[in-house]
Amino acid sequence: MISFILNDRLIQTDKPAGMPLLDFIRYEQDLKGTKSGCREGDCGACTVIEGKLVNGKLQYRTIVSCLTPLGNVQGKHIVTVEGLNTEKPSPVQVALVEHNGTQCGFCTPGFVVSLTAYLMAEETGPENAIAAIDGNICRCTGYQSIKRASEDVEKLKSELTGSDSIRQFIEKKIIPDWFGNIEERLKAIPPLKKLSGEKTIIIGGGTDLMVQQPDDIRGLDITFLHDADDLKGISFQNNYCTIGAETPASEIMNSIELQRHFPKLKEYFKLISSTQIRNMGTLAGNFVNASPIGDLSIIFLALNADIYLNENEDRKRKISLKDFFLDYKKLDLHASEIIEKIVFRLPDTNTRFHFEKVGKRTHLDIASVNSAILLKTENDVITEAYLSAGGVSPVPLYLKETSAFLKGKEITAGTVVEANHIAQQEISPISDIRGSEAYKRLLLRQLIFIHFLELFPEMVLFNELIDVQT
Ligand SMILES: Cc1cc2nc3c(=O)[nH]c(=O)nc-3n(C[C@H](O)[C@H](O)[C@H](O)COP(=O)(O)OP(=O)(O)OC[C@H]3O[C@@H](n4cnc5c(N)ncnc54)[C@H](O)[C@@H]3O)c2cc1C
Ligand code: FES
Ligand code: FES
């Protein structure tokens with residue numbers, strides 16, 4: 001039995017835990033405001049707000065309901081566009097109407113929900129209204145009218161104060177009155193017990209599995225790890241950072257402490273999927289889906305992270321992420337093991353890190369080639385180097401030879417060009433929909449160049465790189 005609050009109603013259902021929340025909302029509850037578009041997390045038409053108790057306090061954010069298995073909403077508050085109805089249109093709805101931000105209307109509930117969730121998000125949520133709708137697509141308007149409506153929402157956000165937020169949202173008619181007692185009502189719903197059975201399958205955020213095998217999952221016993229508290233969170237100790245395996249990408253992106261160590265963290269993570277998908281997709285899910293272009297895999301390979309694997313209390317082991325990816329979709333992960341957490345050393349003042357991603361589109365696209373690098377230097381000599389690249393081999397690739405070459409070298413254009421020559425020997429890109437082999441080789445060269453141009457602008461110049469190259 002799965003229990004959660006849908007808008008203002010307590011739901012208790014014995015529908016399969018792997019059923020997409022979207023189907024439950026539309027076809028079991030007849031709430032047709034939540035639209036079924038791509039069913040792959042891309043269009044945002046099925047966006048709903050998810051409220052969750054964090055340390056006893058309700059936090060709201062957006063998710064796509066097409067990729068959310070019912071089991072992941074146990075004990076949560078799910079709000080559809082119908083749940084935002086008050087006697088009059090809400091300020092978000094008014095803004096969209098006044099700026100003609102809706103034409104055919106198919107995308108509109110998704111935009112209303114995303115912009116409302118932005119108003120309700122904590123300080124560490126999306127940085128502005130436009131960022132909050134990065135996972136919503138509109139075919140009709142050309143976006144300018146939606147952008148203008150978002151500016152009104154931005155203005156409203158600036159008028160909200162941080163205290164007693166739910167009360168404020170109700171007073172400003174952003175949400176209906178009954179939101180006032182949701183926190184208390186949720187406290188009465190227990191968390192989902194981990195389900196297990198013969199054919200059990202692990203689900204994190206579901207953003208990979210629910211795209212790949214939605215029909216198979218429906219009938220299976222599922223182990224839901226997404227809300228397992230012991231697998232979540234970010235902590236710091238003795239210059240090391242630990243991240244729980246089920247921590248979603250948005251939490252990593254918005255960690256103030258991590259941003260202190262990686263000033264461009266937000267910029268990097270903005271290149272990864274969309275607000276909704278980052279709110280759902282987890283670190284472990286990114287590693288285990290083993291996509292050769294997985295962005296988190298590439299980032300944490302260059303951070304030389306260790307992963308902690310757990311079969312049971314007596315059987316635990318630690319391996320380097322570098323050794324985790326064996327071959328295409330083949331991992332050093334036993335059938336009964338789960339990833340528990342990752343640990344990596346935080347950069348010190350002599351260490352620089354950079355991540356680059358090139359796709360066909362800048363946003364909401366997977367990479368053609370991506371790459372990350374971490375370099376530690378002393379007196380302009382590299383003392384530690386870790387370089388990774390995606391889209392150039394069957395696995396997210398740690399460039400072992402190139403990293404070894406860089407160690408002990410002075411930072412010069414010659415070093416960078418030679419590093420690229422070695423990298424080209426290590427990779428084995430194939431021609432596919434994301435580009436030809438030659439194009440991917442060229443991209444990796446450019447990304448290696450950009451790493452050094454970004455990290456050492458005072459020491460490596462673009463013209464020098466081209467001169468040495470030719
Ligand atoms: C629209 C869209 C855009 C996307 N864009 C990007 C992108 O730009 N970059 C990118 O890298 N990825 C992208 N992805 C892929 C996906 O979002 C990420 O890989 C995400 O991190 C997967 O995490 P999840 O928790 O949702 O995985 P799930 O689907 O829950 O699980 C994936 C795999 O991990 C396993 N698993 C989960 N947790 C554990 C654990 N603790 N231990 C062992 N196994 C576990 C599951 O069994 C499953 O095999 C996108 C996906 C969508 C739908
Ligand atoms: S239907 Fe397109 S994101 Fe869910
Ligand atoms: S108004 Fe038609 S898709 Fe946006």
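Keep in mind that what you see is a predicted model, and the values were worked out from it rather than measured.

A word on unusual backbone geometry. Here the phi dihedral of Ser-273 falls at roughly 45°; this positive angle occurs in a residue that is not glycine. Relative to the helices and strands, Ser-273 resides in the loop between helix H12 (265-270) and helix H13 (275-280). Owing to 24 C-beta atoms within 10 Å, Ser-273 belongs among the buried residues under this scheme.

A separate point is the sheet that holds strand S17 (residues 381-390). Spatial ordering of the open sheet is given by S15-S16-S17-S18, a layout of four strands whose pairing is antiparallel. The open sheet is flanked by strand S15 (351-358) and strand S18 (397-398), the only strands paired with a single partner. In terms of strand pairing, S15 meets strand S16 (residues 369-378) through eight bridges, oriented antiparallel. Bridging across to S16, Thr-351 finds its partner in Lys-376. Contacting S15, S16, S17 and S18, helix H15 (residues 295-302) runs over the sheet at an angle of about 15° to S16. Contacts between helix H18 (residues 437-455) and the sheet are confined to S15, S16 and S17, with S16 contributing the most and set at about 35° to the helix.

A few words now on the environment of Gly-56. Here Gly-56 shows up in the loop between strand S3 (47-54) and strand S4 (57-64). Taking the C-beta count within 10 Å as the criterion, Gly-56 has 8 such neighbours and is therefore assigned exposed. Each C-alpha atom, one on Gly-56 and one on Glu-183, is 8.0 Å from the other, the two residues being 127 residues apart in sequence.

Turning to the sheet that holds strand S14 (residues 338-345), a few remarks are in order. Reading across from one edge, S8-S9-S14-S10-S11 is the order of the five strands in this open sheet, with antiparallel pairing throughout. With partners counted over all chains shown, the strands left at the sheet margins are strand S8 (234-237) and strand S11 (315-320), one partner each. This sheet shows a mean twist of 20° between the axes of neighbouring strands, independent of strand direction. In the sheet, S8 pairs with strand S9 (residues 240-244) via four bridges, with the strands oriented antiparallel. Following the sheet pairing, Gln-237 is matched in S9 by Tyr-240.

This paragraph deals with the site of ligand 1. Taken together, 33 residues are adjacent to ligand 1, and Gly-41, Gly-204, Gly-205, Gly-281 and Gly-285 come closest. Counting residues per element, the ones that place at least two in the shell around ligand 1 are strand S6 (200-203), helix H8 (209-212), H13, helix H14 (283-289), H15 and S14. In terms of residue class, the shell around ligand 1 is built from 16 nonpolar, 12 polar and five charged. Residues from two domains meet in the shell around ligand 1; each of domain 1 (2-184) and domain 2 (229-247 + 282-469) gives at least three.

Thresholds, definitions, all that
- Residue numbering note: each chain is counted from 1, following its sequence as written.
- The lettering of chains begins at A and the numbering of ligands begins at 1, in the order of writing.
- Whole-chain, interface and lining totals are the exception, using all residues; otherwise, since this is a predicted model, local features are given only for residues with pLDDT of at least 70 and side-chain atom pairs are given and counted only at 80 or more.
- Segments assigned H or I by DSSP are reported as helices when at least four residues long, segments assigned E as strands when at least two residues long, and all are numbered from the N terminus.
- Exposure classes come from backbone-placed C-beta atoms, where a residue is buried if 20 or more other C-beta atoms lie within 10 Å of its own, exposed if 12 or fewer do, and partly exposed in between.
- Any two strands are treated as partners once DSSP identifies two or more bridges connecting them.
- We call two residues in contact when their backbone-placed C-beta atoms lie within 7 Å.
- Where helices are involved, their axes are fitted lines through C-alpha atoms of the stretch in contact, as for all axes, and angles between N-to-C directions lie from 0 to 180°.
- Nearness is defined per residue: the C-beta atom, placed using the backbone, must lie within 6 Å of the molecule or strand.
- Charged means Asp, Glu, Lys or Arg here, nonpolar means Ala, Val, Leu, Ile, Met, Phe, Trp, Tyr, Cys or Pro, and polar covers whatever is left, Gly included.
- Domain start and stop points were drawn from an automatic or database domain assignment.

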